[in-house]
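Secondary and tertiary structure notes
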Amino acid sequence: TVFQGEAVPFVMELPNYRLPGLKNVAQLLWEKARDFLQKAFTVIFAATIVIWFLQNFDLQLSLTAYPQDSILAQIAGDIAPLFAPLGFGDWRMVTALVSGFTAKEAVVSTFGVILGVSHEQLHEALHLLFTPRSAASFLTFCLLYTPCVAAIATIRRELGSTVKTVGVVILQCGVAWLVGWLAYAITGLF
């Protein structure tokens, strides 16, 4: 054997465990929550301003009263063909998805603005816009694509790389597109 002689026991002393004090826990929670809210609020607020600008101005940077003339509608119209195989290649649907980058809740409110209906009328308006197949595909895509800009900012901070963050966003959107396409194809069988 390599080690000769009698084995010596190894003793490691650990400090006594102490239950953390309520004041220390509350202070730590407050500091972490405050930091998160400051950072998330800043990112979400900035993204909301960008989306607001894109929704309310046209390409000549004039205020527009018609959602279909906005910069956001133009951008959504340009990328809408990517979503045609999923059953929702309409600029209005894609505009809602783009605004969903600020927060998923913005998808529903964007439909209300674009369709010019109240909250009570939104269900009927969406029923006219979507088929059951396209609704299943849209909802599947919406559930799986990138959560929001605050999550993207957190991913960027954790990965420490903008390139990796863009890769994660592309991967999430790619998976969402694929599963949305599968949902559209499978619901077409029934």
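Here's what I pulled together on the structure shown here. (Residues numbered from 1 in each chain as written. Predicted model: local features only at pLDDT ≥ 70, side-chain atom pairs only at ≥ 80, totals over all residues. Heavy atoms only, no water.)

1. Quick notes on the overall build of the protein chain
Heads up, the rule is: Secondary structure elements are defined from DSSP: runs of H or I of at least 4 residues count as helices, runs of E of at least 2 residues count as strands, and each element is numbered from the N terminus. Each residue's exposure class comes from its accessible area (1.4 Å probe, protein chains only) as a fraction of the maximum for that residue type: buried when under 20%, exposed when over 50%, partly exposed otherwise.
Along the protein chain, the regular secondary structure elements total eight helices and zero strands. Taken from N to C terminus, the helices and strands of the protein chain fall in the order α-α-α-α-α-α-α-α. Along the first, second and third principal axes, the C-alpha atoms of the protein chain reach 85 × 45 × 35 Å. A total of 190 residues make up the protein chain; the buried ones form 27% of that total.

2. Let's talk about the packing of aromatic side chains
Using the following cut-off: Pairing of aromatic rings covers Phe, Tyr and the six-membered ring of Trp, with a centre-to-centre limit of 6.5 Å; geometry is then stacked below 30 degrees between planes, edge-to-face above 60, and tilted otherwise. In this scheme, Lys NZ or Arg CZ marks a charge over a ring once it lies within 6 Å of the ring centre and within 35 degrees of the ring normal.
The final tally for this structure, using the stated rule, is 11 aromatic pairs. Pairing Phe111 with Phe130 gives two aromatic rings, centres 5.8 Å apart and planes at 80°, and the pair type is edge-to-face. With Phe111 in helix H4 (residues 105-115) and Phe130 in the loop between helix H5 (119-129) and helix H6 (132-144), this residue pair connects regions lying 19 residues apart in the sequence. Taking 5.2 Å as the distance between ring centres and 20° as the angle between the ring planes, the aromatic pair formed by Phe141 and Tyr145 counts as stacked. Of the two residues, Phe141 and Tyr145, neither departs from the other in class, the shared state being buried. One aromatic cluster is present, formed by Phe83, Phe88, Phe101, Phe111, Phe130, Phe138, Phe141 and Tyr145 through successive ring pairs. Between the NZ or CZ atom of Arg133 and the centre of the ring of Tyr184, over which it lies, the distance is 3.8 Å.

3. Some words on a nonpolar patch on the surface
Put simply, the rule is: To count toward a patch, a residue needs a relative accessible area over 30% and no salt bridge; like charges are then connected within 9 Å, while nonpolar side chains (Val, Leu, Ile, Met, Phe, Trp, Tyr) are connected within 5 Å. Method for areas: the Shrake-Rupley scheme with a 1.4 Å probe, in which residue coverage is limited to the protein chains shown. Salt-bridge detection follows one rule: a side-chain nitrogen of Lys or Arg within 4 Å of a carboxyl oxygen of Asp or Glu.
On the surface, Leu143, Leu144, Leu171, Val175, Leu178, Val179, Trp181, Leu182, Ile186, Leu189 and Phe190 cluster together into a nonpolar patch covering about 1100 Å² of accessible area. Contributions of two or more residues to the nonpolar patch are made by H6 and helix H8 (162-187). With seven residues, the single largest contributor to the nonpolar patch is H8. Relative to the elements of secondary structure, Leu171 occurs in helix H8. Judged by relative accessible area, which is 56%, Leu171 ranks as exposed.

4. Here we look at the nonpolar core
Our working definition: Only buried residues count toward a nonpolar core, which is a set of Ala, Val, Leu, Ile, Met, Phe, Trp, Tyr and Cys residues joined through side-chain atoms within 4.5 Å. Here, two residues are considered to be in contact whenever any of their heavy atoms come within 4.5 Å of each other.
With 25 residues, the main nonpolar core has Phe88, Leu97, Phe111, Phe138 and Phe141 as its most contacted residues. Broken down by secondary-structure element, the contributors of at least two residues to this core are helix H1 (22-56), helix H2 (71-79), helix H3 (91-99), H4, H5 and H6. Sorting elements by how many residues they give to this core places H3 first, with five residues. The residues contacting Leu97, other than those within four sequence positions of it, are Phe83, Phe88, Phe138, Phe141, Cys142 and Tyr145.

5. Focus: helix H7 (residues 149-159)
Each full turn of the α-helix corresponds to 3.6 residues, which orients residues three or four apart in the same direction. Defined as follows: By definition, the arc is the one covered by directions from the helix axis to the C-beta atoms.
Listing the buried residues of H7 in full gives Val149, Ala150 and Ile152. Looking down the long axis of H7, one finds its buried residues gathered within 160° of arc, a one-sided arrangement. On the buried face of H7, the contacting elements are H1 and H8. Phi turns positive, to about 70°, at Gly160, one or two residues after H7.

6. Here's the deal with the pattern of salt bridges
The full count for this structure, using the stated rule, is one salt bridge. For the salt bridge of Arg92 with Asp90, the shortest nitrogen-to-oxygen distance reads 2.9 Å. We classify Asp90 as partly exposed; its relative accessible area is 22%.

7. Overview of the packing of H1 against H7
The relative placement of two packed helices is expressed as an angle between their axes plus a distance between the axes. Basically, it comes down to this: The convention used is that axes are lines fitted to C-alpha atoms, helices contributing only their stretch in contact, and that angles between N-to-C directions extend from 0 to 180 degrees. Geometric relationships in this document are graded by angle, where less than 35 degrees denotes roughly parallel, more than 145 denotes roughly antiparallel, 65 to 115 denotes roughly perpendicular, and other angles denote oblique. Whether a crossing is left-handed or right-handed is set by the direction in which the near helix is turned from the far one by less than a right angle, anticlockwise for left-handed and clockwise for right-handed.
Orientation of H1 relative to H7, taken along the N-to-C sense of each, is 125°, at an axis distance of 8 Å. Our classification of the angle between H1 and H7 gives oblique. As H1 packs across H7, the resulting crossing turns out to be right-handed. Taking contact as the criterion, the partners of Lys39, Ala40, Val43, Ile44 and Ala47 in H1 are, on H7, Val149, Ala150, Ala153 and Arg157.

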